[in-house]
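# Coordinate inspection notes
Chain by chain, the residues:
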Amino acid sequence: GSALRWFTTAVLYAAFLGLGMTIAILGPTFQDLARNVNLNMSSLSEIFVGRAVGYLGGSVLGGILFDCVNHFLLLGVSLLATTLGLHLVPFCKSAVLLVVMMSVFGVSYGTMDTGGNVLILALWGDKGAPHMQALHFSFALGAFLAPLLAKLALGTTVSAENHTEPDLHPPALNQSPEAGPDPLFAAPDDLNLLWAYASVGAYTFVVSVFLFALFFKKPSKHGKSTASAQVSRRAKYHKALLCLLFMFFFFYVGAQESEAAGLNSIFWGTFAACRGLAIFFATCLQPGTMILLSNIGSLVSSLFLVLFDKNPLCLWIATSVYGASMASTFPSGISWLEQYTSINGKSAAFFVIGGALGEMAIPAVIGILQGQYPDLPVVLYTCLGSAIFTAVLFPVMYKLATWPLDLQQKENRSENQKTLPPSSGI
């Protein structure tokens, strides 16, 4: 029924809020985790690679399993794995083990990202655009709340950091000869680190319980009807559209991560705020219109960033506009494609992987180019190039999606005119 559908949607929002917190908790606790495994921060950068690889694997795995396993069971198991990982991370005394744990987070995130998007479409169909925006806003909100939560948990440690820093070396020296026989798991020296992860883990556990409850509830009738409706609606150029959206998200997410690395706080602030506003805009604007407006905003703001990169005020304003413009693009892109063709688990996994690869590849390329051309604002040029590419690509995607439909509508109109009696008026 309608109540169950709303309850399911609320649980999905809560799950994505937890995922946002899980992903973002790493940043503010990174130094503490490095200290926990007796390494400096630069030596522990592999955990980001592990998480990214896990995310790719989870997206593929989720896409395959989502079409043959109960949706709620799969999402519940994914979130339960996240809960387990969150509780174990502070106990990791080995860098390798920590990388493995972060990979588990990545797998869970990839599975949830793929599955959550498909499930929202299955629940709401053509009316899913606002809910898709709300789903991704929940993730952004979680990512915003996690550093605040970490600051509360680690507040005493951070304030006493200057006092504790000189004392870090003697324990490290004492532990180094015993590094061999030391267990892989041990209680962290700083219990506040444990509380930071355990609090997020407790939240994700509660949400996973609700997902398992939905699994036992068996809301299969609605799922079957939407699935059969989706199978019947398949665009003529279904695979070509998926490939183009893959490229679209590759450049969009890659540019998003690159710009975020430059002016982090203002970008993510406007990004999260506008994802919230996009929920309301999606109720009165078509997904295609929102993508068009986002593309225009990204193009204009990135052009201003390149032209006036020496002007601090212009830099901050243009970055704010850029973050606002990119906020609704990903959920709008999924909602837009759903209007023209069916999106199953494998389809969703395909373009989610496109975004993940862009997130990994484009910042890496920027890092190489910035090293070769230190005087040039490579990040800004990349953002402009990506904005131009996505602005050109979307009309091509739109034409590809609507052209066969236009022909079908004309054929249907002509057939209807033949079958309708003359007295039928309009």
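Residues numbered from 1 in each chain as written. Predicted model: local features only at pLDDT ≥ 70, side-chain atom pairs only at ≥ 80, totals over all residues. Heavy atoms only, no water.

The line we're drawing: UniProt positions are given in the numbering used here, feature names are shortened, and annotations may be inferred rather than shown by experiment.
You'll find the protein chain entered in an unreviewed UniProt entry as Sodium-dependent glucose transporter 1, with Fukomys damarensis given as the organism. Comment text from UniProt for the protein chain, heading Sequence similarities (unreviewed entry), reads "Belongs to the major facilitator superfamily." Its UniProt record gives the protein chain the following Subcellular location (unreviewed entry) comment, quoted word for word: "Membrane".

### A closer look at the pattern of salt bridges
Inclusion rule: Salt bridge, as used here, is a side-chain nitrogen of Lys or Arg placed within 4 Å of a carboxyl oxygen of Asp or Glu. Put simply, DSSP marks the helices as runs of H or I at least four residues long and the strands as runs of E at least two long, and each gets a number from the N terminus on. Each residue gets one of three labels from its accessible area relative to the maximum for its type: buried under 20%, exposed over 50%, partly exposed in between, using a 1.4 Å probe on protein chains only.
Evaluation of the coordinates by the stated rule reveals two salt bridges. Between D32 and R35 there is a salt bridge; the shortest N-O distance is 3.3 Å. On the criterion of helical spacing, the pair formed by D32 and R35 is a turn pair, its members being three residues apart in helix α2 (residues 26-36). Accessibility expressed as a relative area gives 11% for D32, which makes it buried. Residue R35 is classed as partly exposed on the basis of its relative accessible area of 30%. Here D67 ties to K346 by a salt bridge, and the two come within 3.4 Å at their closest N and O atoms. Here D67 is found in the loop between α3 (46-65) and α4 (71-88), whereas its partner K346 is found in helix α16 (residues 345-372), with 279 residues between them in sequence.

### Thoughts on the packing of helix α5 (residues 95-124) against α16
Put simply, the rule is: Simply put, an axis is a line fit to the C-alpha atoms, just over the touching stretch for a helix, and the angle between two N-to-C directions goes from 0 to 180 degrees. Here the angle decides the label: under 35 degrees means roughly parallel, over 145 means roughly antiparallel, 65 to 115 means roughly perpendicular, and every other value means oblique. Crossings are assigned a handedness: left-handed for a near helix turned anticlockwise from the far helix by less than a right angle, right-handed for a clockwise turn. Contacts: residue pairs with any heavy atoms within 4.5 Å of one another. Three categories are distinguished: nonpolar for Ala, Val, Leu, Ile, Met, Phe, Trp, Tyr, Cys and Pro, charged for Asp, Glu, Lys and Arg, and polar for the others, with Gly belonging to the last.
Between α5 and α16, the shortest axis-to-axis distance is 9 Å and the interhelical angle comes to 125°. The angle between α5 and α16 places the two elements in the oblique class. As α5 runs across α16, the sense of the crossing is right-handed. Contact residues: D113, T114, N117 and V118 in α5; G345, A348, A349 and V352 in α16. The residue inventory of the contact of α5 with α16, partitioned by class, reads four nonpolar, three polar and one charged.

### Comments concerning the packing of aromatic side chains
Put simply, the rule is: The aromatic pairing rule takes the rings of Phe, Tyr and Trp, using the six-membered ring of Trp, and pairs them if the centres are within 6.5 Å, calling planes under 30 degrees apart stacked, those over 60 edge-to-face and the rest tilted.
All chains considered together, the criterion is met by 16 aromatic pairs. Here the aromatic rings of F249 and F330 are separated by 4.2 Å at their centres, their planes lie at 25°, and the arrangement is stacked. Highlighted residues: F249 in helix α11 (residues 238-262) and F330 in helix α15 (residues 329-338), separated in sequence by 81 residues. You can call F249 buried: its relative accessible area is 0%. Centre to centre, the rings of F250 and F251 are 5.3 Å apart; their planes meet at 75°, and the pair counts as edge-to-face.

### Considerations on the packing of helix α1 (residues 2-24) against helix α9 (residues 191-217)
Interaxial distance between α1 and α9 falls to 9 Å at its minimum, and their mutual angle equals 150°. In terms of axis orientation, α1 runs roughly antiparallel to α9. Seen along the crossing, α1 lies across α9 with a hand that is left-handed. Along the contact surface, α1 presents L4, F7, T8, V11, A14, A15, L17, G18, M21 and T22, while α9 presents V200, Y203, T204, V207, F210, L211, L214 and K217. In the contact of α1 with α9, the residues fall into 13 nonpolar, four polar and one charged.

### Looking at the side chain of T29
The criterion, for reference: Pairs of N or O atoms within 3.5 Å make up the polar contacts considered here, provided that, within protein, one atom can donate a hydrogen while the other can accept it, and that residues adjacent in sequence are counted only when both atoms are side-chain atoms.
Relative to the assigned elements, T29 resides in helix α2. Within the structure, T29 has its side chain in polar contact with the side chain of Y197 (distance 2.7 Å).

### Brief notes about the nonpolar core
To keep things clear, this is the line we draw: Put simply, buried Ala, Val, Leu, Ile, Met, Phe, Trp, Tyr and Cys residues joined by side-chain atoms within 4.5 Å make one nonpolar core. For each domain, the first and last residues come from an automatic or database assignment.
Grouped together as the largest cluster of nonpolar side chains are 59 residues, with contacts concentrated most on F248, F249, I334, W336, L337, F351 and M397. Examining the composition of this core, we find that 10 residues originate from one element, α11, more than from any other. Residue contributions to this core reach at least three from each of two domains, namely domain 1 (1-157 + 186-216) and domain 2 (235-404). Sequence-distant contacts of F249, defined by excluding residues within four places in its chain, comprise G254, T329, F330, G333, I334, F351, G354 and G355. Judged by nonpolar contacts, the second largest core, of 24 residues, contains A24, L33, M101 and M102.

### What to know about the environment of F48
Its location among the elements puts F48 in helix α3. For the pair F48 and V99, spaced 51 residues apart in sequence, the C-alpha to C-alpha distance is 8.1 Å. The contacts of F48, once residues within four sequence positions are left out, are L26 and F30.

### Observations regarding a nonpolar patch on the surface
Heads up, the rule is: Candidate patch residues must exceed 30% relative accessible area and have no salt bridge, after which like charges are joined if within 9 Å and Val, Leu, Ile, Met, Phe, Trp or Tyr side chains if within 5 Å. The Shrake-Rupley method, run with a 1.4 Å probe, gives the accessible areas here. Residue values count only the displayed protein chains as cover.
On the surface, L292, I296, L299, V300, L303, F304, L307, F308, I388 and V392 cluster together into a nonpolar patch covering about 870 Å² of accessible area. Elements represented by at least two residues in the nonpolar patch include exactly α13 (287-307) and α17 (378-419). At seven residues, the largest contribution of residues to the nonpolar patch is made by α13.

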